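Topology and contacts: notes
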Amino acid sequence: MYVDKILRPLRLMPRAKGRGGKWQNLYEACVLGLRRATGAMVVPKRSFFVCMIGGALSSASAIEIEVDYRYDSNDFFSASGNPQGATGAAQARAALQAAADRWSAIIDQSLGAVSLADDSSDVRIGFSHPGTGASYQVSAAVSQSSDALAFSAVASEYRGPWAIAENVWILYAGGRVMGSSGAGGTGTGLNFTNVFDDADGIHNRGFNVGFGSLPVWGGTVTFNSSSTFTWHFDITSAAPLGTTDFYSIALHEIAHALGINTGFDDWEDHVVGGYFTGANAVAAYNTDNGTSLTRLLVQSGGNHWRDGLYESLIFPAGNPNYAGTVGAGNLQDLMMEPIANFFYPGLRRLEVTNTDVGAALDVGWSVIDPNSQPSVVEIISALRDASGVVSIEWVSEVGASYTVRTSTDLLIWESLVPVVIASGATTMWTDSAFGFSGDRRRFYQIQTN
Ligand SMILES: [Zn+2]
């Protein structure tokens, strides 16, 4: 089955009357569907031996993506509006938080704190409301009567003075019935030119500047809330065939909100004649594939890689890292393709790839060193019981993710999925699926992601 995508890029930039007001809304919606139902499972041989190779946790990140549900007006993230009720809502929140934490761990850009006042500028942010899809503007004025921009357009909400803490990047999240699995984006809102030109203001935060540049207050994501949409919300298990993995889509939509998207110069300067020319994304692709391309094809619409064409390795650094269902060290379809090919053998959960992170670098974000990893995982025990079941216990850090890898010959390694997310200072993993029998060998590695 192939579900074609729907792209709805909007770039609305009417000028306000008289005093140079501007606004800009950057949005996209895409279908992440299903296709490619061929291929076979690889079933490892049963044998037993234990070998451990470890890796340490990577360093702390700078941005903190703060999920905010105030615009979830259809209660997608609550029991009453989630198609799978209370369980689905709780799982959806956990998975969205995991996706936010994943990007938070990768991007180490510093963002200045901002305070917004009811003053002569009456700064706004603007975005597509997660619950309605409509353009929505939040003003720092306390009311229309004190809004310096009301002469041009009345804001959707008069929030009054508010602030964003240093390094916090807001993610408004919600759901609505839509023709795709999700959407993500960001926008500026109507503002005076001096707001766009303020390097330390809400749209720049010491990171970038100018009307055409990526606004960095945060962004929004929204997900299909239809009762007939077959989400797999649970972050702790792989999505069954025929379902759509929520974590995968959340990662993808957050990336759009972070700027892998049309509508601003930081991205569009790199898109030339249907190709993305950003040096970091192209270099990452070439490194992973042994190629020497100078550019990568983008899908029509301009904010996705060409579907089904490219693969890259899972970005290895940063925690949590669920490593996708292809596993650490293996090639995966690029996460920012327009369609999540969940029918592809072994692909039930997508993860951020090196090429996708390269695109984030090309947009201007600072990201962590992909090699900022390994030292040693301390193994406490590695045992097999009388029935042949193998158990390995190691010293862990709460919330960190670990990949168990196995081999029968020390040459070809298979990364087992799902990855193990530690919930305590030690973690016990049991190979219940492939217990030991006979005299065959099986090697294990535990690595941090
Ligand atoms: Zn997309």
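All residue numbers refer to positions counted from 1 along the written sequence of the respective chain. Restriction of local features to residues with pLDDT of at least 70 applies here, the model being predicted, together with a cutoff of 80 or more for giving and counting side-chain atom pairs; totals for whole chains, interfaces and linings are based on all residues.

**Regarding the overall build of the protein chain**
Runs of E in the DSSP output that reach at least two residues are strands. Runs of H or I that reach at least four are helices, and both are numbered from the N terminus. Counting secondary structure elements, the protein chain contains six helices and 26 strands. Going through the 449 residues of the protein chain one by one, you find that 50% of them count as buried. Once local pairs closer than 6 in sequence are excluded, the contacts in the protein chain between residues at least 24 apart make up 72%. Any residue whose C-beta has 12 or fewer other C-beta atoms within 10 Å is treated as exposed, any with 20 or more as buried, and any in between as partly exposed, C-beta atoms being built from the backbone. Residue pairs qualify as contacts under a 7 Å threshold applied to their C-beta atoms, which are placed from the backbone.

**Looking at helix H6 (residues 354-363)**
Taken across its 10 residues, H6 has nine buried, putting it largely inside the fold. Of all the residues in H6, the buried ones are Asn354, Thr355, Asp356, Val357, Gly358, Ala359, Ala360, Asp362 and Val363. Close packing links the buried residues of H6 with helix H1 (85-106), helix H3 (246-257), helix H4 (265-268), helix H5 (279-289) and strand S18 (311-313).

**Points about the sheet that holds strand S21 (residues 390-395)**
Here a strand pair is declared whenever DSSP counts at least two bridges between the two strands. Across the sheet, three strands lie side by side as S20-S21-S25; this open sheet has antiparallel pairing. Each having just a single partner strand, strand S20 (379-384) and strand S25 (426-431) make up the two edges of the open sheet. With direction set aside, neighbouring strand axes in the sheet form an average angle of 10 degrees. Bridge count for S20 against S21 is five bridges, and the pairing is antiparallel. Axis definition: a line fitted to C-alpha atoms, over the contacting stretch in the case of helices. Angles run 0 to 180 degrees between N-to-C directions.

**Focus: the sheet that holds strand S16 (residues 275-276)**
Spatial strand order, S15-S16-S17: three strands in an open sheet with antiparallel pairing. Only two strands of the sheet have a single neighbouring strand rather than two, namely strand S15 (271-272) and strand S17 (296-297). The sheet contact formed by S15 and S16 spans two bridges and is antiparallel. Each residue of the ladder has a partner; that of valine 271, found in S16, is phenylalanine 276.

**Remarks on the environment of histidine 256**
On the secondary structure map, histidine 256 appears in helix H3. C-alpha of histidine 256 to C-alpha of glycine 184: the two residues are 72 residues apart in sequence and 5.3 Å apart in space.

**Some points on the confidence of the model for the protein chain**
Close inspection of predicted coordinates is inappropriate in any region flagged by low pLDDT. Along the chain, pLDDT gives the predictor's confidence residue by residue, from 0 to 100. In the predicted model, the protein chain carries a mean pLDDT of 83, and the fraction of residues at 70 or more is 82%. Within the model, the stretch residues 1-59 combines pLDDT values under 50 with 190 contacts to residues more than four positions away or in other chains.

**Here's the deal with the environment of leucine 296**
Structurally, the position occupied by leucine 296 is in strand S17. For leucine 296 and arginine 306, which are 10 residues apart along the polypeptide, the C-alpha to C-alpha distance reads 8.0 Å. Once you skip the residues sitting within four places of it in the chain, leucine 296 turns out to touch Tyr275, Phe276, Ala281, Val282, Tyr285, Trp305 and Tyr310.

**Thoughts on the nonpolar core**
We call a set of buried Ala, Val, Leu, Ile, Met, Phe, Trp, Tyr and Cys residues a nonpolar core when their C-beta atoms link them within 7 Å. If you look at the biggest cluster of nonpolar residues, it comprises 103 residues, and the most contacted ones within it are Ala95, Ala99, Ala250 and Ile254. Examining the composition of this core, we find that 10 residues originate from one element, H1, more than from any other. Structurally, this core is a two-domain feature, drawing no fewer than three residues from each of domain 1 (10-44 + 61-363) and domain 2 (379-448). Once you skip the residues sitting within four places of it in the chain, isoleucine 254 turns out to touch Ala99, Ala100, Trp103, Leu171, Gly184 and Val221. Segment limits for the domains were obtained from an automatic or database-derived domain assignment.

**Notes on unusual backbone geometry**
Backbone geometry places aspartate 75, a non-glycine residue, at a positive phi of 55 degrees. The topology assignment puts aspartate 75 in the loop between strand S4 (64-68) and H1. Even without glycine at this site, asparagine 167 takes up a positive phi of about 70 degrees. Looking at the element boundaries, asparagine 167 is found in the loop between strand S9 (162-164) and strand S10 (168-176).

**Re the pairing of strand S6 (residues 124-128)**
Most of S6 sits out of view: five of its five residues are buried. With five bridges joining them, S6 and strand S7 (residues 135-139) adopt antiparallel strand pairing. Bridging across to S7, serine 128 finds its partner in serine 135. Where S6 folds back on S7, the antiparallel hairpin that results is connected by six residues, among which glycine 133 adopts a positive phi of roughly 85 degrees.

**Observations regarding the packing of H5 against H6**
It is the contact of H5 with H6, at a shortest axis distance of 6 Å, that shows an interaxial angle of 160 degrees. Taken as axis vectors, H5 and H6 run roughly antiparallel relative to one another. Remark: the crossing between H5 and H6 carries right-handed chirality. For the pair H5 and H6, the contacting residues are Ala279, Asn280, Ala281, Ala283, Ala284, Tyr285 and Asp288 in the first and Asn354, Thr355, Val357, Gly358, Ala359, Leu361 and Asp362 in the second. Gly is placed with the polar residues, together with every amino acid not listed as nonpolar (Ala, Val, Leu, Ile, Met, Phe, Trp, Tyr, Cys and Pro) or charged (Asp, Glu, Lys and Arg). The residue makeup of the contact of H5 with H6, split by class, is eight nonpolar, four polar and two charged. For classification purposes, an angle smaller than 35 degrees is called roughly parallel, one larger than 145 roughly antiparallel, one from 65 to 115 roughly perpendicular, and anything else oblique. By definition, turning the near helix anticlockwise from the far helix through less than a right angle yields a left-handed crossing, and turning it clockwise yields a right-handed one.

**Quick word on the pairing of strand S11 (residues 182-187)**
Within a regular strand, side chains alternate between the sheet's two faces. For S11, a buried count of six out of six residues is recorded, marking the element as mostly surrounded by other parts of the structure. Bridging between S11 and strand S12 (residues 218-224) involves four bridges; their strand directions are antiparallel. Within S12, the residue paired with glycine 184 across the bridge is valine 221.

**Side note on the packing of H1 against H3**
Viewed as axis vectors pointing N to C, H1 and H3 meet at an angle of 45 degrees, and their least axial separation amounts to 9 Å. With respect to H3, the element H1 is oriented oblique. Where H1 crosses over H3, the handedness of that crossing is right-handed. For the pair H1 and H3, contact is made by Ala92, Ala95, Leu96, Ala98, Ala99, Ala100, Arg102 and Trp103 and by Phe246, Tyr247, Ala250, Leu251 and Ile254, respectively.

**What to know about the environment of threonine 262**
In this fold, threonine 262 is placed in the loop between H3 and H4. Residues threonine 262 and glycine 185, 77 residues apart in the sequence, show an inter-C-alpha distance of 9.3 Å.

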